[in-house]
Amino acid sequence: MDVIRLRKTKIVILGAGYGGLMTTVRLQKYLGVNEAEITLINKNSYHYESTWLHEASAGTLHHDRVRYPINNVIDNRKVNFIQDTVVEIKREEKLVVLENNEITYDYLVVGLGFESETFGIKGLKEHAFSIANINAARRIREHIEYQFANYNNDSENRDERLTIVVGGAGFTGIEFVGELANRIPELCREYDIDEHKPRIICVEAAPTVLPGFDPELVEYAVGHLERKGVEFKIGTAIKECTTEGIIVAKGDEVEEIKSETVVWAAGVRGNSIVENSGFESMRGRVKVEADLRAPGHDDVFIVGDCSLMINEEINRPYPPTAQIAMQQGETCAKNLAVLVREQGELEQFKPDIKGTVCSLGDDDAIGVVFGKKITGSKASFMKKMVDNRALFLVGGPSLVMKKGKFNIF
Ligand code: FAD
Ligand code: NAD
């Protein structure tokens, strides 16, 4: 028996990151114009590749290469795009409060992404930078360049202008120092600075770089980066950030490192709007059901870094990654189509982890792909293919041609 529809189902998607945008482009494929009213809301008119932000931050890739207009990939006959900032989700009223408007929904998809997590460490919020979004990345690039530009113009050279401290040697910290190690020699040439003067210091609290990753690949990465001049302080935790630099501790030993540029890359959390809107969460991440809905909220799906799922094999949460966010977007769109049509079964999401590749600058990388370890130009090629694949999945070959990475040989 056909269902008589009095009005179209209203689907509202918050955030055009990997999870939200993937949900949107798949939904516009699965549903007809008359089946649902789909609205996508995002702060900016563009999507940015969060996974390329370390390059924009170091200045090795222009920020315009990292973003593209959302209107390039959505079908405006099927999706209504609103550029606005989400302020609060009122779950009981099925309403989202925006900076300039309000919108009601039948089904909501929350894909508001990540924020930097500073764990309450004194001074970090005030004095450190974080690679949190495209404008934060632009600020880091400009700030570093400003320090180099000023160095030879001070009455007395101040080495702290050329000392860059990166907090955390997780994937973000390592990818960022890899780019910096390539960018610094260029800046030295540009501003007449001795190449041996700048310092890049990466501080990691755990006993190793890239904790949990393959030890042989970690050794390769550390060797490569140290040869390029990166200094590692391992088993050393950042305790405080001041206007002068940072204070670190290794056991009982406390040290101050003077630096004008401290970049905190040692932790992320889900968007605070999620917890401020009353969802039960851990650092802004909601432990979702297998069908990606928030517990107790059959009308709210949560995808990407605002969601949390447990890997039963190791009884630990899956790491927040673009890879998972995009796969969740696919499942979320399928499940919304089932609910709109009132036909079929909801899909249970299971991440399909194809591997992890970590760049060490534009010219080198390490990775485990389909269970195989790779390094060097092969890994670097693979990393660019992963980046291009993400573009392809959202915008097809034309987006790859416009924004893809082809500097592969
Ligand atoms: P995001 O990509 O964070 O997007 C969120 C969107 O919501 C943005 O468009 C933002 O503007 C918008 N938004 C936020 N707040 C509001 C608001 N209040 N109102 C309206 N809009 C809002 N993962 C991998 O799998 N592989 C990698 O190689 C990799 N590399 C990384 C490199 C770096 C430097 C970083 C920082 C992360 C990397 N990650 C990688 C992790 C990956 O980027 C995240 O897991 C992924 O971006 C999460 O996607 P998302 O859809 O949840 O949100
Ligand atoms: P992370 O949480 O993975 O790593 C943070 C690192 O900072 C850890 O090694 C931790 O020990 C360290 N740390 C924490 N507190 C510290 C302190 N006080 N002082 C010094 N070190 C401290 O965070 P991330 O690297 O930003 O990654 C976030 C997510 O994005 C992860 O899921 C990651 O897998 C993903 N990511 C993936 C890639 C890739 O696949 N190439 C690249 C970047 C990020």
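Rules behind the numbers
Residues numbered from 1 in each chain as written. Chains lettered and ligands numbered in written order. Predicted model: local features only at pLDDT ≥ 70, side-chain atom pairs only at ≥ 80, totals over all residues. Heavy atoms only, no water. Near = heavy atom within 4 Å. Polar contact = N/O pair within 3.5 Å; in protein donor to acceptor, adjacent residues only side chain to side chain. Helix = DSSP H or I, 4+ residues; strand = E, 2+ residues; numbered from the N terminus. Nonpolar A, V, L, I, M, F, W, Y, C, P; charged D, E, K, R; others polar. Domains from an automatic or database assignment. Areas by Shrake-Rupley, 256 points an atom, 1.4 Å probe, with all protein chains shown as cover. Patch = residues over 30% accessible without salt bridge, like charges linked within 9 Å, V, L, I, M, F, W, Y side chains within 5 Å. Salt bridge = Lys/Arg side-chain N within 4 Å of Asp/Glu carboxyl O. Lys, Arg positive; Asp, Glu negative; His and termini not counted. Charge placed at Lys NZ, Arg CZ, Asp CG, Glu CD. Buried < 20%, exposed > 50% of the residue type's maximum accessible area, 1.4 Å probe, protein only.

Undergrad: Quick question: what am I supposed to make of the site of ligand 2 here?
TA: The environment of ligand 2 is made up of 24 residues, and the closest members are Thr172, Glu204, Ile238, Pro320 and Val357. Here glutamate 175 contributes a side-chain N or O atom positioned 3.0 Å from a nitrogen atom of ligand 2. Valine 357 places a main-chain nitrogen or oxygen 2.8 Å from a nitrogen atom of ligand 2. Of all the secondary-structure elements, those providing two or more residues to the shell around ligand 2 are α6 (171–190), β13 (199–204), β15 (237–241) and β26 (355–359). Residues belonging to the shell around ligand 2 are distributed by class as follows: 15 nonpolar, six polar and three charged.

Undergrad: Is there a simple way to think about the domain arrangement of the chain in this case?
TA: By convention, interface size is frequently given as the accessible area that disappears when the constituent parts associate. Taken domain by domain, the chain consists of domain 1 (9–43 + 84–116 + 268–353) and domain 2 (124–264). If you average the C-alpha positions of domain 1 and of domain 2, the two centres end up 35 Å apart.

Undergrad: Even after reading the chapter, I still don't get the site of ligand 1, so can you show me in this structure?
TA: Around ligand 1 sit 32 residues in total, of which Gly19, Val86, Asp305, Ala322 and Lys383 are the nearest. Contact between ligand 1 and proline 320: an oxygen atom at 3.3 Å from a main-chain N or O atom of the residue. Glutamine 323 places a polar main-chain atom, nitrogen or oxygen, 3.1 Å from an oxygen atom of ligand 1. For ligand 1, whose free accessible area comes to 1000 Å², the fraction covered by protein is 91%. Considering every element that reaches the shell around ligand 1, the biggest residue donor is helix α9 (residues 322–341), with three residues. In terms of residue class, the shell around ligand 1 is built from 11 nonpolar, 16 polar and five charged. Counting contributing residues, the shell around ligand 1 receives three or more from each of domain 1 (9–43 + 84–116 + 268–353) and domain 2 (124–264).

Undergrad: Can you walk me through a negative patch on the surface in this structure?
TA: A contiguous patch of negative charge on the surface is contributed by Glu88, Glu92, Glu93 and Glu102. Summarising the element assignment, glutamate 88 is placed in strand β6 (residues 86–90). Looking at glutamate 88, the relative accessible area reads 30%, which means it is partly exposed.

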